[in-house]
Amino acid sequence: MTVWAAAFAVFVWLVGVPTSDPLTAFGWLWLATIAWRNYLPWREHLLFLRDWGPVALLLVIYNVSRGAADELFAPHVTPLIDADVAMFGWLTDGKIPTVWLQEHLYTKTVPWWEVIITIVYTSHFLAVPTVAVVLWLRNRGLSYRFLRRWITLSMAGLVTYFLYPAAPPWWAWKYGYLSDEVLRFSTRGLDVIGLHGAGNTLNALQVHQSNPVAAMPSLHTAYAMMAVAFFLPMVRKRWWPLLLAYPLAMTFTLVYTGEHYVIDVFVGWLYVAGVFAVVGVAERWWARRTSNRPGGLNYPNDEPG
């Protein structure tokens, strides 16, 4: 693991966090599983490719499709602005929360705490895959349950991007829908710790490979909430505030740095609740259906536990 950690650190230093290509991210995670269990024969390590190859391919298709999600309809802008002002204007002098936060917190000199902001932002690209792979190593049944919710949430978000393209705050200001300036600076905290190359890579990806009007729902906060909500029933309630701090930190990060409106976040959380409900019903239906068969088969690919 020491060798893997050193190699990954060098990769992040020179290239950046693997954010644009799920194959790269899963490649590093596969190497991590090999390093962690290097005593196992290769046939065991190849099981990772069997289980995760289709997942990585599906996420590649998702990334490519997401970039074309604004081809059918013009992006929605003012409804999101109006929603945030309606919810928080009484507290923010009639402005959207993003503008109010940047007016009160943003400085040209990067403060130390923006390192935390950037780490939270970039964690989106690795947190959910890492959780899924750790579960896969520890409990295959749980990992497949987690995976079903992750893929369903991603597909629900993708369909929404096609049907309801929505522009974020920085886009709205850039094209004249907001009179107050909105900056986009979610990656500048990397400069404080010297990861200039990583920051440049993320910035380039934001400009050239992302869909600028795929803001509703916010899958950044939806993924963060999904990763936490999945484990809430398994831990004592005294630990819930600590777990929920992650999606709340992601929310602050995205709103403050101009990436999303608060309404995007709320809709993302509603998507998580809906996905958990729908997938849960489907799992229970399948369990009842298979329990009536000879041998009482489990959900496909599930293992006890």
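What you see is a predicted model; the values in this text were computed from it and never measured. (Residues numbered from 1 in each chain as written. Predicted model: local features only at pLDDT ≥ 70, side-chain atom pairs only at ≥ 80, totals over all residues. Heavy atoms only, no water.)

J.: Explain empty space enclosed by the protein here, please?
T.: To find leftover empty space, a probe the size of one water molecule is rolled over the atoms. Across all of its chains, the model carries 1 cavity of 30 Å³ or more by this definition. The volume enclosed by the largest cavity comes to roughly 30 Å³. Contributing to the lining of the largest cavity are Ser123, His124, Ala127, Val128, His220, Tyr223, Ala224, Tyr246 and Met250. Among the secondary structure elements, those contributing two or more residues to the lining of the largest cavity are helix 7 (127-138), helix 11 (219-229) and helix 12 (240-256). Looking at which element gives the most residues to the lining of the largest cavity, the answer is helix 11, with 3 residues. (1 Å grid on protein atoms, 1.4 Å probe; cavity = no way out; pocket = protein on both sides within 12 Å on 5 of 7 lines; lining within 4 Å. Points joined across faces, edges and corners; volume = space filled by probe spheres on them. Helix = DSSP H or I, 4+ residues; strand = E, 2+ residues; numbered from the N terminus.)

J.: I would appreciate a short explanation of the UniProt feature "transmembrane region" (unreviewed entry) in the protein in the present structure.
T.: Under the UniProt annotation, "transmembrane region" (unreviewed entry) lies at residues 112-137, 149-167, 213-232, 239-256 and 262-282. With 85% helix and 0% strand, residues 112-137 has its two end C-alpha atoms placed 36 Å apart. The distance from the first to the last C-alpha atom of residues 239-256 is 26 Å, and the span holds 94% helix and 0% strand. (UniProt positions renumbered as here; feature names shortened; annotations may be inferred.)

J.: What's the story with the packing of helix 12 against helix 13 (residues 262-291) in this structure? I'm lost.
T.: Each pair of packed helices gets described by two things: the angle between the helix axes and the distance between those axes. Their axes nearest at 9 Å, the elements helix 12 and helix 13 cross at an angle of 150 degrees. Classified by the angle between their axes, helix 12 and helix 13 sit roughly antiparallel to one another. The handedness of the crossing between helix 12 and helix 13 is right-handed. Where helix 12 approaches helix 13, its residues Pro247, Leu248, Thr251 and Val255 are matched on the opposing element by Val262, Val265 and Trp269. Per-class residue counts for the contact of helix 12 with helix 13 are 6 nonpolar, 1 polar and no charged. (Axes fitted to C-alpha atoms, helices over the stretch in contact; angles between N-to-C directions. Parallel < 35°, antiparallel > 145°, perpendicular 65-115°, else oblique. Left-handed = near helix turned anticlockwise from the far one by under 90°. Contact = heavy atoms within 4.5 Å. Nonpolar A, V, L, I, M, F, W, Y, C, P; charged D, E, K, R; others polar.)

J.: Would you mind going over helix 8 (residues 140-163) with me for this structure?
T.: Note that an α-helix has 3.6 residues per turn; residues three or four places apart therefore point the same way. In this model helix 8 runs 35 Å from its N-terminal to its C-terminal C-alpha over 24 residues, within 8% of the 34 Å that 1.5 Å per residue would give. With 17 of 24 residues buried, helix 8 is to be regarded as a mostly interior element. If you check the start of helix 8, you find a side-chain oxygen 3.2 Å away from the backbone N of Gly141, and it comes from Asn139. (Expected span 1.5 Å × (residues − 1). Buried < 20%, exposed > 50% of the residue type's maximum accessible area, 1.4 Å probe, protein only. Polar contact = N/O pair within 3.5 Å; in protein donor to acceptor, adjacent residues only side chain to side chain.)

J.: I would appreciate a short explanation of the environment of Trp171 in the present structure.
T.: As for its placement among the helices and strands, Trp171 is situated in helix 9 (residues 169-174). Residues Trp171 and Glu259 lie 88 residues apart in sequence; the distance between their C-alpha atoms is 8.8 Å. Discounting residues that sit within four places of it in the chain, Trp171 has contacts with Pro75, Val77, Tyr177, Pro212 and Val213.

J.: Looking at this structure, I do not really get the nonpolar core. What am I missing?
T.: One recurring pattern in soluble globular proteins is that nonpolar side chains are buried together. Counting 35 residues, the largest nonpolar core has Phe26, Trp52, Val55, Trp150 and Leu153 as its most contacted members. Dropping the residues within four chain positions of it, Trp150 is found in contact with Phe26, Trp52, Val55, Leu59, Val128, Pro129, Ala132, Tyr223 and Met226. Core analysis: the next-biggest nonpolar cluster, separate from the first, contains 17 residues, Leu80, Ile96, Trp171 and Tyr261 among them. (Core = buried A, V, L, I, M, F, W, Y, C linked by side-chain atoms within 4.5 Å.)

J.: What is the right way to look at a nonpolar patch on the surface in this model?
T.: Taken together, Leu72, Phe73, Val159 and Leu163 make up a surface patch of nonpolar side chains, about 400 Å² in accessible area. Along the chain, Phe73 falls in the loop between helix 3 (42-66) and helix 4 (78-88). Looking at Phe73, the relative accessible area reads 42%, which means it is partly exposed. (Patch = residues over 30% accessible without salt bridge, like charges linked within 9 Å, V, L, I, M, F, W, Y side chains within 5 Å. Areas by Shrake-Rupley, 256 points an atom, 1.4 Å probe, with all protein chains shown as cover. Salt bridge = Lys/Arg side-chain N within 4 Å of Asp/Glu carboxyl O.)

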